[in-house]
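Fold and geometry: a report
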Amino acid sequence: MLLGIDIGGTTIKVGLILPTGKLLARETIDTPKDISPQKARVLADTIQAFVGKGEVKHIEAIGITVPGIVDARDNVRMAPNVNLDLPALLQELQRNFPLATLAVLNDANAAALGEQKFGAGDGANHMIFITLGTGVGGGVIVDGNLVLGRCGATGEIGHITVDENGKPCGCGRRGCLELYCSSRGVVDLYKKAYKGDINSTAAPLVFEHDAEAKPVFDAAREGNEAAKIALDNTTRYLASALATMACVLDCDAFVIGGGLSASFDLLEPTLVAHYQSMALPAQADISIRKAQLGNDAGMLGAAVYALEKTLEHA
């Protein structure tokens, strides 16, 4: 039996998983403000109690995802949205599950592996996963294996430059993909399109916060011109990044996940059209697919990654 632990900024998802990818049981725990050594023990005990309810006798491997950059040695290089003492958590989990192999992955990398093994990446031996949500991230699969890179930063797709004269990004550069294809980016593109449409008689959309992209998608479905322009621009920027990535990794498929993928039916036609117009002719037929596993992708990917580490050491 495998255990997947997906640590997010607000909740921690825990799942009991078979090696086949079948999720048998799940639990959601509020993420502590800081996962200190003391909180790590409480969290590990809570997870042990969850496993006990399933009457599981043996956990073979435990995969853990974190929202940050993680290298191949399980060192968290950066995790801006969660205050996590990872060594303490690993120590407490090992105390409760002494026979289990533990492994840690970036959340988007874990989701990429989950989709490749059990979801939309079926049959894609070389795959690029892109997650579109509050930010933009991803993961890269080559020969069926997750690529981490020198310090675990492979898949930082959101920081590909798509407009060298564009807006400043929090990473310190300009024109990053994340500024145009995240939920906040979609809202910004809508506001720009609305302001530029001098013939529009439609009232401006109202947003509860600056990353609430759903009204833009809803308005586009109803034919709102500024909303349609915003989504066309979003897919144009994304297609540019995909065409660039295809030149580096001649992949079998791109898989699009994250919250914005819920409206993939709206994004797909223009995304495919823009991509085909920008890609090398030999790569224009690479399929662009919607992710299938939703919020379970990270847990599943992390668990199978930990299992692979177990088999390597067998």
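The text that follows walks through the structure, step by step, so that each part is easy to find. Here the structure is a predicted model, which means the values were calculated and not measured. Residue numbers run consecutively from 1 along every chain, following the written order of its sequence. Given that the model is predicted, a residue must reach a pLDDT of at least 70 before its local features are reported, and side-chain atom pairs must reach 80 or more before they are shown or counted; all residues, however, enter totals for whole chains, interfaces and linings. Each side-chain value is worked out from all heavy atoms of the structure, with water and hydrogens disregarded.

1. Section: the overall build of the protein chain
The cut-off we apply is this: Helix numbers and strand numbers start at the N terminus; a helix is a DSSP run of H or I with at least 4 residues, a strand a run of E with at least 2. Only protein chains enter the accessibility calculation, which uses a 1.4 Å probe; a residue is then buried when its area is under 20% of its type maximum, exposed when over 50%, and partly exposed in between. Accessible areas in this description were obtained via Shrake-Rupley with a 1.4 Å probe; residue shielding takes into account the shown protein chains only. Counted as positive: Lys and Arg. Counted as negative: Asp and Glu, with His and the chain ends omitted from the count. A charge is said to be at NZ when it belongs to Lys, at CZ for Arg, at CG for Asp and at CD for Glu.
Scanning the protein chain from N- to C-terminus turns up nine helices and 14 strands. Here the protein chain holds 314 residues, and the buried ones make up 52% of them. Element-wise, carbon and sulfur atoms account for 50% of the exposed surface of the protein chain, whose accessible area totals about 14,600 Å². Separation between the mean location of the 27 positive side-chain charges and that of the 36 negative ones in the protein chain comes to 4 Å.

2. Side note on the sheet that holds strand E1 (residues 2-7)
Remark on secondary structure: sheet strands pair via backbone hydrogen bonds, oriented parallel or antiparallel. Applied cut-off: At least two bridges found by DSSP between two strands is the condition for calling them paired. Lines fitted to the C-alpha atoms define the axes, with helices restricted to the stretch that makes contact. Angles between their N-to-C directions range from 0 to 180 degrees. Every residue pair with non-hydrogen atoms within 4.5 Å of one another is taken to be in contact.
Spatially, five strands are ordered E3-E2-E1-E5-E9 in an open sheet, and the strand pairing comes out mixed. Strands at the two margins of the open sheet, each flanked by one partner only, are strand E3 (23-30) and strand E9 (101-106). Taking each pair of neighbouring strands and ignoring which way they run, the sheet shows an average axis angle of 15°. Sheet topology places strand E2 (residues 11-17) next to E3; seven bridges connect them, and they run antiparallel. Residue pairing for E3: Gly15 is matched across the bridge by Arg26. Strands E1, E2 and E3 of the sheet are contacted by helix H1 (residues 37-53), whose axis makes an angle of about 150° with E3. Lying over the sheet, helix H9 (residues 297-312) contacts E1, E2, E3, strand E5 (61-66) and E9, oriented at roughly 135° with respect to E9.

No statement about biological role is implied by the geometric values presented.
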